[in-house]
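Structural overview
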Amino acid sequence: MVENEKMKYGSLNRFVQAVTGLFLIFFLGVHLYVAHIDFRHPVAFFSSVINQLHNPWWLAFFLIFVYIITYHGINGLNHIVADTSISERAKRDIGIALMVIYVITIIYGTILALLVARMTVPA
Amino acid sequence: MVEANKEMKEGISAWAKFYRKGTGYLAFAFHRLSGLVILFYLYLHYTVLSNLLRGQATYNAIVKSITYGPYDSFLALDFLLALVIFYHGANGVRLALNEFGIGMYHHKALFFTFEIIAMILLGLFDYYALQFVGVGF
């Protein structure tokens, strides 16, 4: 029974990982184009970033991007941990720690993006 | 099955044992390795972006230092990172399709097809991105 639940959770987890991965193809494609080609500089300067984040649609885009890419990365790391030979208890503890890291990261990312969006470009 | 269980017990160290394991295993091992590299870079990226809060002068100084020097060797790492990202993305699409039940019996063909497409896109990306650091073709 417990094994069945674990398998169901594992399948759902892999499915979510696949869906977030496909979303990231779109998000990362747009991000790489905008940040490295459209700004006509290999790395975006301060004013370019601030001006872009002043647009609420871009702000929403980046917030969703941060939530998805961090989830995909942390969840992927959790998959790697699950494949190691460490004890089930250690795997569970690391899983909880990774979840906490995810929550802290997205809270920090949200605060950072909102603060940056409120900044003005000096004349 | 016995072989799979043995690999599970060996854990991460088994990734590095490529001998007679085929394309699928190489794709799997590099997918995880590239994922770890990207995750490390993601947090590095968040750290650099945090410098936006320190103002225009500081942030632009960091950007200039990694683009034009003295730390411009980071730009070379950036291009290596792009290679890792494009590889991971292409193999990830194949894995996602497998997850939805598509191409289950054509692993190898899909792997090479997506990787070739990704490397062409990487070439285009590098070509345009390099124009802005003064590298002409």
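Residues numbered from 1 in each chain as written. Chains lettered and ligands numbered in written order. Predicted model: local features only at pLDDT ≥ 70, side-chain atom pairs only at ≥ 80, totals over all residues. Heavy atoms only, no water.

A word on the side chain of Ser50(B). Mapping Ser50(B) onto the fold places it in helix H2 (residues 22-50). In this view, Ser50(B) contacts Tyr108(A) and Leu112(A); residues no more than four positions away in its chain are not counted. (Helix = DSSP H or I, 4+ residues; strand = E, 2+ residues; numbered from the N terminus. Contact = heavy atoms within 4.5 Å.)

Right, let's talk about helix H4 (residues 88-117) of chain A for a bit. Here H4(A) contains 30 residues, and its C-alpha end-to-end distance of 43 Å stays within 8% of the 44 Å for a straight helix at 1.5 Å per residue. Buried residues of H4(A): Lys91(A), Gly95(A), Leu98(A), Tyr102(A), Thr105(A), Ile106(A), Gly109(A), Thr110(A), Leu112(A), Ala113(A), Val116(A) and Ala117(A), and no others. Its buried side turned inward, H4(A) meets helix H2 (46-54) and helix H3 (56-82) of chain A together with H2 of chain B. (Expected span 1.5 Å × (residues − 1). Buried < 20%, exposed > 50% of the residue type's maximum accessible area, 1.4 Å probe, protein only.)

This part takes up the packing of aromatic side chains. Residue and element names in this part refer to chain A. All told, the structure shown has 17 aromatic pairs over all chains when counted by the stated rule. Between the aromatic rings of Phe 27 and Phe 61, the centroid separation amounts to 5.0 Å while the plane-to-plane angle is 50°, which identifies the pairing as tilted. Of the two residues, Phe 27 is situated in helix H1 (residues 2-38) and Phe 61 in helix H3; the sequence distance between them amounts to 34 residues. Each of the two residues, Phe 27 as well as Phe 61, counts as buried. Between Phe 27 and Phe 65, the ring centres sit 5.7 Å apart and the planes meet at 10°, which makes this aromatic pair stacked. Highlighted residues: Phe 27 in helix H1 and Phe 65 in helix H3, separated in sequence by 38 residues. Here Phe 27 matches Phe 65 in class, with each residue buried. (Phe/Tyr/Trp six-rings, centres within 6.5 Å; stacked < 30°, edge-to-face > 60°.)

Moving on to the nonpolar core. Membership of the largest hydrophobic core comes to 26 residues, with the highest contact counts inside it found for Leu53(A), Phe65(A) and Val116(A). Counting only elements with at least two residues in this core, the list comes to H1, H2, H3 and H4 of chain A together with H2 and helix H3 (56-68) of chain B. With eight residues, the top contributor of residues to this core is H3(A). Core analysis: the next-biggest nonpolar cluster, separate from the first, contains nine residues, Leu32(A), Ile37(A), Ala82(B) and Leu122(B) among them. (Core = buried A, V, L, I, M, F, W, Y, C linked by side-chain atoms within 4.5 Å.)

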